[in-house]
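Examination of the molecular architecture
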Amino acid sequence: MSTPASGLSAVPDPVSDPPRPSIAERAAAPHTVPVPTAGGLTWRPWTRQDVPALARLLRAVEQADGRDWFTSADEIAESFDAPVFEAAADTLVGLDADGTMLAHGWVERYPTDGASLLRASVMGGVHPTRRGEGIGTELLAWGTARARQALAASAGDPLLDHLPGRISAHIEDTSPAERRDLLRAGGFEPIRYYANLVRDLSVPVPAVGLEPPLRLLPWSDALEDATRLARNDAFRDHWGSQPRTAESWRAHRSHFVPEWSFVVVDESVEYAGSESEQPGDVTVAPGTPYVVGLHRAERYEHDWESQGYSAGYTGLLGVRREYRGRRIAAALLTHAMHVYAADGVQYAELDVDTDNPTGAPALYARLGYTKGDGSTLYSIEL
């Protein structure tokens, strides 16, 4: 299972809105971050060799928080290759005298190319046997301070200096109340709500077709960047979205399933290439099929036993804004459900912003999806 990203914010009108102060002033970053001292643990950054132990720690933390799905070792490992990642500055692990990992922290930073919002996310947890010692409070203070430093680093860049900023933390509805209290005490407030939806594939799935010149195609390497640009256009009006660069688009794919993923193209369009669509982006050559919709799927098989069912997970579903209302999303999603079922999977699953502007929740309800659980995004707005 995956969690939604955070991000979109309105860009100020330079005529009616005065410019914001510099991000350095708003972030108020400390010169040094406060390494935790509670619990008598020894702290150091993550290393690649830590991945198996980190996976065991995260599972213990997540299980104690009431989750039935867990962060895999593959997901942790791929963070080291993310477009913006510096383990020495952005990660911590706390060890006892025997070298056992008992707490972790990570500040995830995001690419700023084409951004309308500067973002950093704070993540972390404490082993259930060591809670109540103040470790989590100090770990959150470390993460928030490091996030402020990361955002303040954009100061002086004329394209970034006056953008809004956000420090976020994402928690599941199953998390203990103490987790929410900790975030509020740290200055975070709930800002967005998400629902995890499931659909029983033993119930007949409708077939939704497309009228020419629209055509559904398998996911392919040749259409990767054309699909990325379709995603960027589709999500421009979504709260929680920032444009994906070619590098960030290909990151975090340890559970991506190409054979469960599809695109829709408009065969009537002579596509002029990405340079005409997004000046400066030359990743898509003229004559490439024009992608107008996409479904990108993921498989979290390590969670199936704890969840009690197998599932195909829709990580991304999007349609270019000028193509909405032509059943493209329904065609992609129902096709994926048929493919899941043919592979013996029991459920289809996805997450949705409860305030999604496209009417997606209503579409999912019509197709038989029901809510399983949910999550909340907390933030400090800068």
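Residues numbered from 1 in each chain as written. Predicted model: local features only at pLDDT ≥ 70, side-chain atom pairs only at ≥ 80, totals over all residues. Heavy atoms only, no water.

Observations concerning the overall build of the protein chain
Counted only if it meets this: Think of it this way: any DSSP run of H or I at least four residues long counts as a helix, any run of E at least two long counts as a strand, and we number them from the N terminus. We compute the radius of gyration from the C-alpha atoms alone; for a globule the expected value is 2.2 Å times N to the 0.38, where N is the number of residues. Exposure is judged per residue with a 1.4 Å probe applied to protein chains only, and the accessible area is read against the type maximum: over 50% gives exposed, under 20% gives buried, and values in between give partly exposed.
Each helix and strand counted, the protein chain has twelve helices and twelve strands in total. In terms of C-alpha radius of gyration, the protein chain reaches 21 Å, essentially the compact-globule figure of 21 Å for 382 residues. When its C-alpha atoms are laid out on the principal axes, the protein chain stretches across 65 × 55 × 35 Å. By the burial criterion, 53% of the 382 residues in the protein chain qualify as buried.

Points about the environment of proline 258
Structurally, proline 258 is set in the loop between helix 8 (246-249) and strand 8 (262-266). Between the C-alpha atoms of proline 258 and threonine 314, which are 56 residues apart in sequence, the distance is 12 Å.

Section: the side chain of asparagine 356
Heads up, the rule is: Polar contacts, as used here, are pairs of N or O atoms within 3.5 Å; protein pairs need one atom able to donate a hydrogen and one able to accept it. Residues neighboring in sequence count only if both atoms are side-chain atoms. Throughout, a contact is declared for two residues whenever any of their heavy atoms are within 4.5 Å.
Checked against the element boundaries, asparagine 356 lands in the loop between strand 11 (347-353) and helix 12 (360-366). On the basis of relative accessibility, which here comes to 16%, the residue asparagine 356 falls in the buried class. Of the polar contacts made by the side chain of asparagine 356, one reaches the side chain of threonine 358; its length is 2.5 Å. Sequence-distant contacts of asparagine 356, defined by excluding residues within four places in its chain, comprise His238 and Pro361.

Quick notes on the pairing of strand 3 (residues 101-109)
We count it as follows: Being paired, for any two strands, means DSSP has found at least two bridges between them.
Burial analysis of strand 3 places eight of its nine residues in the buried class, the great majority of the element. Examined bridge by bridge, strand 2 (residues 91-95) and strand 3 share five bridges and lie antiparallel to one another. When the sheet's bridge partners are listed, leucine 92 is paired in strand 3 with glycine 105. Between strand 2 and strand 3, which pair antiparallel one after the other, the connecting turn spans five residues, and glycine 99 there sits at a positive phi close to 85°. One ladder, built from seven bridges, connects strand 3 with strand 4 (residues 118-126); its direction is antiparallel. Considered in strand 4, the bridge of glutamate 108 is made with serine 121.

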